[in-house]
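Understanding the architecture of this molecule
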Amino acid sequence: MATLETTRREFLLGTGVLVVSFSLTSPARAQGPGQTKPVALDQVDSFLAVHRDGTVTMYTGKVDIGTGIRVALPQMVAEELDVALDKIKLVEGDTALTPDQGPTWGSLSVQIAGVQLRQAAATARKALVDMAVQKLGMPSADLAVKDGVIFVRAEPHRRLSYAELIGEQAFNLKLDPAAPLKNPKDYTIVGQPVPRPDIPGKVTGAHTYMQDFRVPGMLHARVVRPPAIGATLESVDESSIKSIKGATVVRQGSFLAVVAESEWAAVKAAKQLKATWSKWEGLPAPAKLWEHVRNTPVAKDDVAVNQGDPKAAMARAAKTLKATYDFAVHTHGSMGPACAVADVKSGKAEIWSPSQAPHWLRKEVAYTLQMDPKDVHIQYLDGAGCYGRNGHEDATCDAALVSKLTGKPVRVQWSREDEHGWDPKGPPTLVEISGGLDAQGNVIAWDAELWVPKADITEWPRTLAATLAGIPQKEAINPGNIHRNLDPSYPFPNQRAVAHRLATTPFRPSWIRTPGRMQNTYANEVFIDECAAAAGADPVEYRLRYLTDPRGIAVLRAAAGLAKWEPRPSPRRDQTGPIARGRGVAYVKYENARTYVAGVADVEVNRQTGAIRCTRFYVAHDCGLIINSDGVRAQIEGNIIQTVSRTLKEELKWNRSRVTSVDWASYPILTFPDVPEVIMELINRPNDPPWGVGEPAACLPPPAISNAVFDAIGVRLRSVPFTAAKLKTAMATMKA
Amino acid sequence: MVTLSVNGKTQRLDVEPDTPLLYVLRDNLGLHGPKFGCGLAQCGSCTVLVDGRAVRSCSVAVGKLGPGKVVTLEGLGTVQKPHPVQRAFIEEQAAQCGYCINGMVMQATAFLSARQTSPSEREIRQALQRNLCRCGTHQRIIAAVKRAATLMGKGA
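Remember, it's a predicted structure, so these values are computed and weren't measured experimentally.

Okay, the sheet that holds strand E5 (residues 88-92) of chain A next. Residues and elements named next belong to chain A. Taken in spatial order, the three strands of this open sheet run E3-E4-E5, and their pairing is mixed. Edge positions in the sheet fall to strand E3 (48-50) and E5, since each of these pairs with one other strand and no more. Across the sheet, the axes of successive neighbouring strands diverge by a mean angle of 20°, strand direction being ignored. In the sheet, E3 pairs with strand E4 (residues 56-60) via three bridges, with the strands oriented antiparallel. The residue of E4 that forms the bridge with Val50 is Val56. Together, E4 and E5 form the strand contacts of helix H2 (residues 69-81), whose direction differs from that of E5 by roughly 130°.

Time to look at the packing of helix H9 (residues 358-369) of chain A against helix H10 (residues 392-406) of chain A. Residue and element names in this part refer to chain A. Close contact between H9 and H10 brings their axes to 10 Å; oriented N to C, the two are set at 40°. As the angle between them shows, H9 and H10 are arranged oblique. For the crossing formed where H9 meets H10, the hand is right-handed. Across the interface between the two elements, Leu361, Glu364, Val365, Thr368 and Leu369 of H9 pack against Glu393, Thr396, Cys397, Ala400, Leu401 and Lys404 of H10. For the contact of H9 with H10, the class distribution of residues is six nonpolar, two polar and three charged.

A word on the environment of Gly435 of chain A. Mapped onto the elements of the fold, Gly435 of chain A is located in strand E20 (residues 429-437). Filtering out sequence-adjacent residues up to four positions away, Gly435 of chain A remains in contact with Thr320, Leu321, Val443, Ala445, Trp446, Phe527 and Cys531 of chain A.

With that settled, consider the nonpolar core. Ranked by size, the top nonpolar core spans 269 residues in total, and within it Val258, Ala340, Ala559, Val619 and Val709 of chain A carry the most contacts. Those residues within four positions of Val709 of chain A in sequence are excluded, and the remaining contacts are Gly582, Val603, Val605, Ile612, Val715, Leu717 and Phe722 of chain A.

Rules behind the numbers
Residues numbered from 1 in each chain as written. Chains lettered and ligands numbered in written order. Predicted model: local features only at pLDDT ≥ 70, side-chain atom pairs only at ≥ 80, totals over all residues. Pairing = 2+ DSSP bridges. Helix = DSSP H or I, 4+ residues; strand = E, 2+ residues; numbered from the N terminus. Axes fitted to C-alpha atoms, helices over the stretch in contact; angles between N-to-C directions. Contact = placed C-beta atoms within 7 Å. Parallel < 35°, antiparallel > 145°, perpendicular 65-115°, else oblique. Left-handed = near helix turned anticlockwise from the far one by under 90°. Nonpolar A, V, L, I, M, F, W, Y, C, P; charged D, E, K, R; others polar. Core = buried A, V, L, I, M, F, W, Y, C linked by C-beta atoms within 7 Å. Buried ≥ 20, exposed ≤ 12 C-beta atoms within 10 Å, placed from the backbone.

In short, shape yes, function no, at least from these values alone.
Shown next as structure tokens:
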């Protein structure tokens, strides 16, 4: 088996030198030869192993997809275990060695996996102190711990290291939920902006990405995709590639691939291969998408909230409003198309993949190969950022199937067209909201409906390889928990919010960063702005009328303060030139259960061209306890900039047969000249649980920008993306 | 046979002349810096320097490269001895997934090397406008290029 080891890297931190080392090699099993390392979620040994040299290996089923958990999770363990950060080795996403802590999704790595690891460390630390009490004959109150050494406070020479106490042996302990945690005031590692261990390698070419990984004897494969999504393969002319040295065809059902020893030969053969496919035109006409969505059968209704009597309140309202908001189909748009290596032989599958969900992928590969999951071993390697379930899992199953069919180790590298055209998509989203205001302009009724596909939430999206190869799969779709945040983040007295979960959706769906929570917050936070405008109220003051949650009030006030918000109703009516400036606000409590965020967008609207620029974006952010402040900042920057791109530019195009947005020209994203400056304030709450950071702030740009455009020119944008063409149409409609 | 100069070494390689430089660098020479992003010269992930100029290696056939000296990310510096642009990216923590960062570093190196003075933010944004980043690391990349200009001793 090929292995890979990253080199030890040194980093300078302001206060001194920190050495953080990581290994991607399967380390010697802590339990001794012949024993399998435990991976159960309730065992300390699943998460931690103390070695004789004083280093500690920690194991997590989560993976660092570019978010920085490769340093944040070790910070939590080092802090709670009282060992130096440079003594921690991390093993991530290896299905044989790591506990299944769920896919790396939902802004839950620190919040769920980090907290599990922290509790494992606390349990281990307590056990080590108990051992030292026995061996040193002193009560625990007289002992202190520093850097993996337990010593008698009054006689520091009487000491025992963790390595001496348990080096290379198992704890054989269950995670103790009552094991005492450190007082946050004593933290020295948690909260620090510790630099990421992978960045020096990534900026010098020393880091090994999935795309760089090779095994001996490996073939390069390319999958030849049908010209229409549902087309089936009728015939293949294998002689059409005979001019390409060493290239051969691999086929099962409609799954068609070419393999070659050289990658370029495989690329050329895939392009040159002649195949005949059936016709298929099963996609809805793009111009009739929203009609199609409304006419799709509803599988079930999810009631997000139903309190008071919205209907009766609406009937007695002094003023009612109604608006419909739509949000385009998006692709993940990873910079590097998916890639994987598979070696399937003797009834076992050895897989290297950049999947965000190695433990789920194990089942997907097993399904595709018709094997037992215990015979499938997945090891994670960094790919390009995925922002949800992109093409990685499909490319992995492609590689597994081609390896099975050829009997050789196989590397599959997707093309740009594969990634844009065939990754599962963020589904089209439609929200309709009605509101009733009393004579003072206060919201007395709120009634929201959402049309989105259903989610078989424990199922992975069906893989392309299994579908094309004719391997029977259970019908299931999973776009993620996209009904969340449909209930407003304000305790209106009479409110109802219902998600119509549709039985089908045009494209194979999956989750893309902040799935549903982004689209629902967009609708809610534009609609409350419409209510504020109808009431002639300042948008920040209007939201504060309803907010009762002190942490929500604090982030909204912080964002307004950061932006130097000047209270007045929108729109401003004092601009006459071609460029109009405006600002808009948005607020949300993520999933109405965790991280609080508020933001202000500054925009410039060109009345002549219809172009919108977001020049500045202010964010206030409360995720409870901050683990790594620089990591939090990086994630907020990413959330905002990526979502400004999605809000202003991104929209998947298709015809009746296939996706036609197949590269960066046909699916443009935000570029440097148009990237806003992101200004933020972090609210740290050391005594509260650490919550997610990877998604919440992405809720803010769509509503804040829509509200800012309204502030600038009095035109409401209710259809993402806010393209120049849509703005000009909206301006013309307003004039008419 | 194709002859290339890569990171200061002459390489004689038995490859088809229509092979894009990117595949030769990655598959024949085992380099990891230049990345396959689109194969269409749209994203910049594959950027290398040819005689100091930023070139999209995915779209140049080795047979048509000529005698130009190729420098990749590895040829600029190492973890132990990074080039000032690489050092600036490390100090600004200017990477998320890092897949585009090869292109950012190479484009910025070509841009800064060709001028005597420190660029304005607007000039940096213009210089990088054909390099795409999906994670939203742009703000840090801009800061890193500013820092690199200082490290390289560019005047005001």
